[in-house]
Structure formats: structure tokens, C-alpha cells
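Architecture and fold: a report
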Amino acid sequence: YLDQASYSEEETDVKQHEVQMKEYIAPTAFHIPSWRWLACAFGENGLALTKLFFDNQAQAHTALVTEISELLPQSVLRTAKQTEIEYWQQAFSSFFAGGDTARNPEIVPLDDRHWTPFRRKVYLTLRQTVKWGEQITYGDLALRAGHPGAARAVGSAMAQNRHSPFIPCHRVLG
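All residue numbers refer to position in the chain's written sequence, counted from 1. Local features in a predicted model are, by the rule used here, given only for residues with pLDDT of at least 70; side-chain atom pairs are given and counted only at 80 or more, and totals for whole chains, interfaces and linings are based on all residues. Based on all heavy atoms of the structure, the side-chain values leave hydrogens and waters out of the count.

Turning our eyes to something else, we now look at the overall build of the chain. Going along the chain from the N terminus, every DSSP run of H or I of four or more residues is numbered as a helix, and every run of E of two or more is numbered as a strand. Regarding its fold elements, the chain presents seven helices and six strands. When the helices and strands of the chain are placed in sequence order, the string is α-β-β-β-α-β-α-α-α-β-α-α-β. Think of it in three bands: with a 1.4 Å probe and only protein chains considered, a residue is buried below 20% of the maximum accessible area for its type, exposed above 50%, and partly exposed in between. Sorting the 174 residues of the chain into buried and exposed places 47% on the buried side. Note on contacts: a residue pair qualifies if any of its non-hydrogen atoms lie within 4.5 Å across the two residues. Put simply, of all contacts in the chain between residues at least 6 apart along the chain, 62% involve residues at least 24 apart. Computed with the Shrake-Rupley method and a 1.4 Å probe, the accessible areas treat only the protein chains shown as cover for residues. Just so you have it, the chain exposes about 8,800 Å², and 53% of that area is on carbon and sulfur atoms.

Dropping the structure here:
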């Protein structure tokens, strides 16, 4: 059970689980027809960060690089390989078209090294148990994740989700 005191501990836990080593991360931006521009950053462990719904490529790229410098300051930016860009563009296109990655978001590799143990449990529970077309409340997700009474902490985790849409926080209602 996470009460208000442990909710604050969850936020403190974020700082304690930051990875302090250098990591090489590739930012890229691309257009998804009818969904505008999006940007993502990925590394050897999977998708590290996503930013959605921009008017143009430059705007998406700038927002992503700014967020990388704030959230992942130990990162070293590298140029994405064409095969990597194609993989991620296909994963996002599939999601927005209702394809495999929308129906089974757990097939997309995510870099979870910056997640707290609480967020890891909540995000993985969401990816594995709330399927395409389903909706769930914060309280129900907290219960499924083994933290009954932690609805507010789950809401905070959803608000801090940097892996949308592959951690489908849009399926969780307050």
C-alpha cells in the first residue's frame, strides 16, 4: 500500500535509480501520415524517449534533444543508422495504423534502466495486461501491479511516461 508518504518516496526513488554511465543514444524524427511529426531516441537497450505530435521535423528534433539533455544528461548523441530509423518508423507506423505494435506493445524493446522499481512494475503490468481496446483506471492498474491503494502514484507514473505509445498510458483513466 502506497500512501502519501510513500508516494513522495517514489519520486525520490527516481533520483536513486538514474544510470550514471555514458550511453550512446540516437535521436531521430519522422512523419506519420495523419499523425504529424514525432521524435524518438533509442540506444542499445531499446527506445529511451518519445515525443509526439509536432508540426515539423525541426520542431520535433529540437524538443527531443532538449528533453534528452534534461532527462538523460549522461547521454552522448550519435547518428542513427538508416536501418534503425526504418525499424522505429515501422514500429510507430504500425502502432498508429492499429497493427502489431498497437495490439502487442510489449514486442517493442524499451530501455528501462532509468525506471524506478515501482514504475517498472506498473509499466510492465500495463504493457502485459491491458490489451488493445481496453481501458483501466489508475486504481485497477495499481491493484494489478501489486500495489493496492497506489492510484495516485500510478497516475504520476503515467504522467511521467516517456515511452508513449508503447507504454500505452492512454488506456489508463484517472
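Structurally, Glu67 is set in helix H2 (residues 57–71). For Glu67, a relative accessible area of 11% gives the class buried. Here Arg162 takes part through its side chain, which lies 2.9 Å from a polar atom of the side chain of Glu67. Discounting residues that sit within four places of it in the chain, Glu67 has contacts with Leu49, Lys51, Leu72 and Arg162. Here a polar contact is taken to be a pair of N or O atoms separated by no more than 3.5 Å, where protein atoms must pair a possible hydrogen donor with a possible acceptor and residues adjacent in sequence count only if both atoms sit in side chains.

Time to look at the sheet that holds strand E2 (residues 36–43). Read from one edge of the open sheet, four strands run E3-E2-E1-E4, paired in mixed fashion. Each end of this open sheet is capped by a strand with a single partner; those strands are strand E3 (46–54) and strand E4 (75–77). Adjacent strand axes in the sheet meet at a mean angle of 30°, parallel and antiparallel pairs treated alike. Only when DSSP finds a minimum of two bridges between them are two strands counted as paired. The pairing of strand E1 (residues 23–32) with E2 spans seven bridges and is antiparallel. The residue of E2 that forms the bridge with Phe30 is Leu38. Here H2 sits on the sheet and contacts E1, E2, E3 and E4; the angle it forms with E3, its principal contact strand, is near 135°. Angular values range over 0 to 180 degrees, each being the angle between N-to-C directions of two axes fitted as lines to C-alpha atoms, with helices fitted over their stretch in contact. Helix H3 (residues 82–96) rests against E1, E2 and E3 of the sheet, and its axis sits at about 50° to E1.

As a further point, take unusual backbone geometry. For the peptide bond that leads from Ser164 to Pro165, omega is 5°, which places it in the cis range. Residue position: Pro165 is located in the loop between helix H7 (151–159) and strand E6 (172–173). One non-glycine residue, Phe53, lies in the positive phi region at around 65°. Mapped onto the fold, Phe53 is located in strand E3.

Turning to the pairing of E2, a few remarks are in order. Within E2, seven of the eight residues are buried, leaving the element largely enclosed by the surrounding structure. Summarising the sheet, E2 and E3 pair through six bridges and their orientation is antiparallel. Within E3, the position partnered with Gly43 by the bridge is Gly46.

This next bit is on the pattern of salt bridges. Side-chain pairs of opposite charge can arise where the charged atoms are in close proximity. A carboxyl oxygen of Asp or Glu within 4 Å of a side-chain nitrogen of Lys or Arg is what we treat as a salt bridge. Inspection of the entire model under this criterion finds seven salt bridges. Notably, a salt bridge pairs Lys51 with Glu67, separated by 2.7 Å at the nearest N-O pair. Residue Lys51 is found in strand E3, and its partner Glu67 is found in helix H2; the two are separated by 16 residues along the sequence. As a salt-bridge pair, Asp112 and Arg120 come within 3.3 Å of each other at their nearest N and O atoms.

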